Amino acid sequence: MATMNRRLLLLLLTALTLLLAACGGSSAEPGRGDVIVYVAVPLSGFQANGGQTVLGGVRLAAAELNRSGGLLGYRVVVRPLDDESDSEVAVAQVAQIQEALDQGERVLGVIGHLNSGQTLAAMEYYRDMPLVVITPTASEESLTARGYTNFFRVNANDSVQAAVDARFLVETLGARRVAVLHNDTEYGQGLANALVARLQELGAQVVLTLQVAEGQSRYDEEIPRIQSANPDAIFYAGYEIEAPYLRAALVEAGITVPMLASDGAFLAATIDEANGTAEGMYVSAFAPSPANVADQRWIEAYQAVEYRNPDTYSVNGYVAMQVLSQAVQQADSLERDAVTEALRRGRFETLVDTLQYQENGDLVDPQIWIYQVVDGEFQQVE
């Protein structure tokens with residue numbers, strides 16, 4: 001009887017705990033009003049999936065903040081901005097943020113953009129606005145060399161990625177003759193140029209450099225040129241909207257030398273759209289896969305917020321919101337200058353690692369991860 005009573009009491013306590021967790025507890029409810037965080041990423045068009053993964057990570061981090069009392073007592077409201085992977089659209093969307101500011105809304109910052117081109121275009125406007133900008137993935141090196149005082153990134157830049165990828169190609173894969181392909185974006189061009197320089201420093205020969213179009217899906221003209229160059233490894237600087245089709249064209253033409261794609265291809269679509277040919281290819285990444293850093297609770301929480309599974313950039317969006325919120329808490333302020341000062345002076349505990357910033361907005365110790373497709377999934381190898 002005593003055992004039964006104890007079990008009944010335990011069940012009642014468990015039910016009460018779950019009820020309080022679901023309600024959030026009135027004392028934990030943010031009560032000072034709203035603070036807005038815009039997430040500027042492609043949410044339509046060919047890169048919509050990549051943008052949605054970033055947005056999902058930000059939404060999860062904001063939901064966790066709000067359940068624990070908000071940010072300095074303010075409820076964090078996440079507002080998506082669809083830049084459509086187009087720089088003109090990205091600039092046009094700035095008007096929505098300015099309108100919110102003009103109407104007296106409390107805007108903390110922008111997490112975005114996904115791509116370097118849209119980030120470069122929009123930063124010319126963001127630089128003069130009273131907000132903080134944290135990109136989850138834009139890696140073009142000059143972004144942190146332009147004197148922006150309110151720009152930061154949670155990822156490595158192209159110079160860091162080029163150094164790691166070149167070393168992996170030469171020292172790990174033993175490549176001596178490398179074909180370097182890239183798309184026609186600022187990101188693809190910049191990363192390819194940096195990689196060529198790093199390969200040459202390591203004594204490797206770049207036997208072919210070749211530009212393709214963003215979103216290109218057929219490679220009938222490029223394949224013969226790659227075959228003629230006879231590389232012993234291939235590097236591709238571009239996105240998941242080209243990489244799987246390039247991979248399929250290479251394998252179907254009998255070109256089976258190792259292929260390493262850049263971070264822009266580190267999404268499930270690279271595997272799913274490759275017509276069964278992705279097995280064995282390598283991809284570098286700005287953050288580890290959720291499966292490598294997050295527990296089942298985090299994944300289930302993400303699914304509850306987004307109604308879909310997290311993908312690789314979900315980690316980047318989540319970490320960007322973590323860094324922004326911790327900087328606000330350390331500054332004890334929502335003001336741009338106080339938050340940016342905190343970002344430059346603080347240490348930030350994130351899902352990935354402890355992050356610190358240089359004065360220019362780059363990370364003190366940026367990292368690159370290398371994955372390989374094994375049994376149809378990304379498996380970390382370095």
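Definitions and limits used
- Position numbers for residues start from 1 in each chain and track the written sequence from start to end.
- Owing to the predicted nature of the model, reporting of local features is limited to residues with pLDDT of at least 70; listing and counting of side-chain atom pairs is limited to 80 or more, with chain, interface and lining totals taken over all residues.
- The basis for every side-chain value is the complete set of heavy atoms in the structure, and neither hydrogens nor water enter the calculation.
- Comment: elements are numbered from the N terminus, with helices defined as DSSP H or I runs of at least four residues and strands as E runs of at least two.
- Our radius of gyration looks at C-alpha atoms and nothing else; its globule reference is 2.2 Å times the residue count to the power 0.38.
- Buried, partly exposed and exposed residues are distinguished by accessible area as a fraction of the type maximum, computed with a 1.4 Å probe on protein chains only: under 20%, between the cut-offs, and over 50%, respectively.
- Areas reported as accessible are Shrake-Rupley estimates using a 1.4 Å probe. Residue values count occlusion only from the protein chains shown.
- Asp and Glu are treated as the negative residues and Lys and Arg as the positive ones, with His and the ends of the chain left uncounted.
- By convention, charge coordinates are those of NZ in Lys, CZ in Arg, CG in Asp, or CD in Glu.
- Salt bridge criterion: a side-chain nitrogen from Lys or Arg within 4 Å of a carboxyl oxygen from Asp or Glu.
- Contact criterion: two residues are considered in contact whenever any of their non-hydrogen atoms come within 4.5 Å of each other.
- DSSP-based pairing: two strands are paired if at least 2 bridges between them are found.
- Axis definition: a line fit to C-alpha positions, over the contact stretch in the case of helices; interaxial angles, taken between N-to-C directions, run 0 to 180 degrees.
- UniProt positions are given in the numbering used here, feature names are shortened, and annotations may be inferred rather than shown by experiment.
- In this description, one arc is meant: the one made by directions from the helix axis to the C-beta atoms.
- Counted as a polar contact is a pair of N or O atoms within 3.5 Å, where, for protein atoms, one must be capable of donating a hydrogen and the other of accepting one, and residues adjacent in sequence contribute only when both atoms are in side chains.
- Working rule for angles: under 35 degrees goes down as roughly parallel, over 145 as roughly antiparallel, 65 to 115 as roughly perpendicular, anything else as oblique.
- Handedness of a helix crossing follows the sense of rotation of the near helix relative to the far helix, less than a right angle counterclockwise being left-handed and clockwise being right-handed.
- Asp, Glu, Lys and Arg are counted as charged, while Ala, Val, Leu, Ile, Met, Phe, Trp, Tyr, Cys and Pro are counted as nonpolar; the rest, among them Gly, fall into the polar class.

**Section: the overall build of the protein**
- In terms of regular secondary structure, the protein is built from 13 helices and 14 strands.
- For the protein, the C-alpha radius of gyration of 22 Å lies close to 21 Å, the compact-globule estimate for 382 residues.
- Once the C-alpha set of the protein is aligned to its principal axes, its extents read approximately 75 × 60 × 35 Å.
- Going through the 382 residues of the protein one by one, you find that 57% of them count as buried.
- Approximately 16,000 Å² of the protein is accessible, and the part contributed by carbon and sulfur atoms is 47%.
- Charge centroids of the protein, computed over 24 positive and 49 negative side chains, lie 7 Å from each other.

**Re the side chain of Asp83**
- By secondary structure assignment, the location of Asp83 is in the loop between strand E2 (75–82) and helix H3 (87–102).
- It turns out Asp83 is buried and unbridged, and the closest side chain with the opposite charge, Arg153, is 14 Å from it.
- The contacts of Asp83, once residues within four sequence positions are left out, are Ala40, Val41, Pro42, Val89, Ala90, His113 and Gln118.

**Some points on the sheet that holds E2**
- An order of E2-E1-E3-E4-E5 is seen for the five strands of this open sheet, with the pairing classed as parallel. Looking at the sheet topology across the chains shown, the edges are occupied by E2 and strand E5 (151–153). Going from strand to strand, the sheet's axes swing by 25 degrees on average, the running direction of each strand aside.
- Of the strand pairs in this sheet, strand E1 (residues 34–41) and strand E3 (residues 107–112) are connected by five bridges, and their pairing is parallel. The partner of Val39 across the bridge, within E3, is Ile111.
- The strands touched by helix H2 (residues 48–67) within the sheet are E1, E2 and E3, with E2 carrying the most contacts at an inclination of about 170 degrees.

**Some thoughts on the sheet that holds strand E6 (residues 177–183)**
- With respect to topology, seven strands assemble into an open sheet ordered E7-E6-E8-E9-E10-E13-E14, the strand pairing being mixed. Looking at which strands have only one partner, the edges of the open sheet turn out to be strand E7 (205–212) and strand E14 (377–380). Averaged over all pairs of adjacent strands, the angle between their axes in this sheet comes to 25 degrees, without regard to strand direction.
- The pairing of E6 with strand E8 (residues 233–237) spans five bridges and is classified as parallel. From the neighbouring strand, Leu181 faces E8, where its bridge partner is Tyr236.
- Each of E6, E7 and E8 is contacted by helix H7 (residues 222–229), which is oriented at about 175 degrees to E7, the strand it contacts most.

**Quick look at the UniProt feature "domain: Leucine-binding protein" (unreviewed entry) in the protein**
- In the numbering adopted here, UniProt assigns the feature "domain: Leucine-binding protein" (unreviewed entry) to residues 40–376.
- The span residues 40–376 is 43% helix and 18% strand, and its two end C-alpha atoms sit 31 Å from each other.

**A look at helix H11 (residues 296–306)**
- Three or more residues of H11 are buried, namely Trp298, Ile299, Ala301, Tyr302 and Glu306. Projection of H11 onto a plane perpendicular to its axis shows the buried side chains occupying an angular sector of 160 degrees, all on one side.
- Close packing links the buried residues of H11 with H2, helix H10 (290–293) and helix H12 (312–331).
- By the N-cap criterion, in which a side-chain oxygen at the helix start approaches the backbone nitrogen of a residue two or three places on, H11 is capped by Asp295, the distance to Arg297 being 3.2 Å.
- The first or second residue beyond H11 is Tyr307, which carries a positive phi of 60 degrees.

**Structural notes on the pattern of salt bridges**
- Overall, the coordinates contain 11 salt bridges when judged by the stated rule.
- Close ionic contact of Glu201 with Arg198 constitutes a salt bridge, the shortest N to O distance being 3.7 Å. Pair noted here: Glu201 and Arg198 are both in helix H6 (residues 186–201), with a separation of three residues, about one helical turn.
- The class of Glu201 is exposed, set by a relative accessible area of 60%.
- Of the residues examined, Arg198 reaches a relative accessible area of 30% and is grouped as partly exposed.
- Taken together, the shared-partner salt bridges in this structure form one network comprising Glu341, Arg344, Arg345 and Glu359.

**Examining unusual backbone geometry**
- Backbone torsion omega between Gly112 and His113 reads 0 degrees, so that peptide bond is classified as cis.
- If you trace the backbone, His113 turns up in the loop between E3 and helix H4 (116–126).

**Some details on the packing of helix H5 (residues 158–172) against H6**
- Packing of H5 against H6 leaves a shortest axis separation of 8 Å and a crossing angle of 50 degrees. With respect to each other, H5 and H6 are oriented oblique. Crossing handedness for the pair H5 and H6: right-handed. Seen from H5, the contacting residues are Asp158, Ser159, Gln161, Ala162, Ala163, Asp165, Ala166, Leu169 and Val170; seen from H6, they are Tyr187, Gly190, Leu191, Ala194, Leu195, Arg198 and Leu199.
- Taken together, the residues of the contact of H5 with H6 break down into 10 nonpolar, three polar and three charged.

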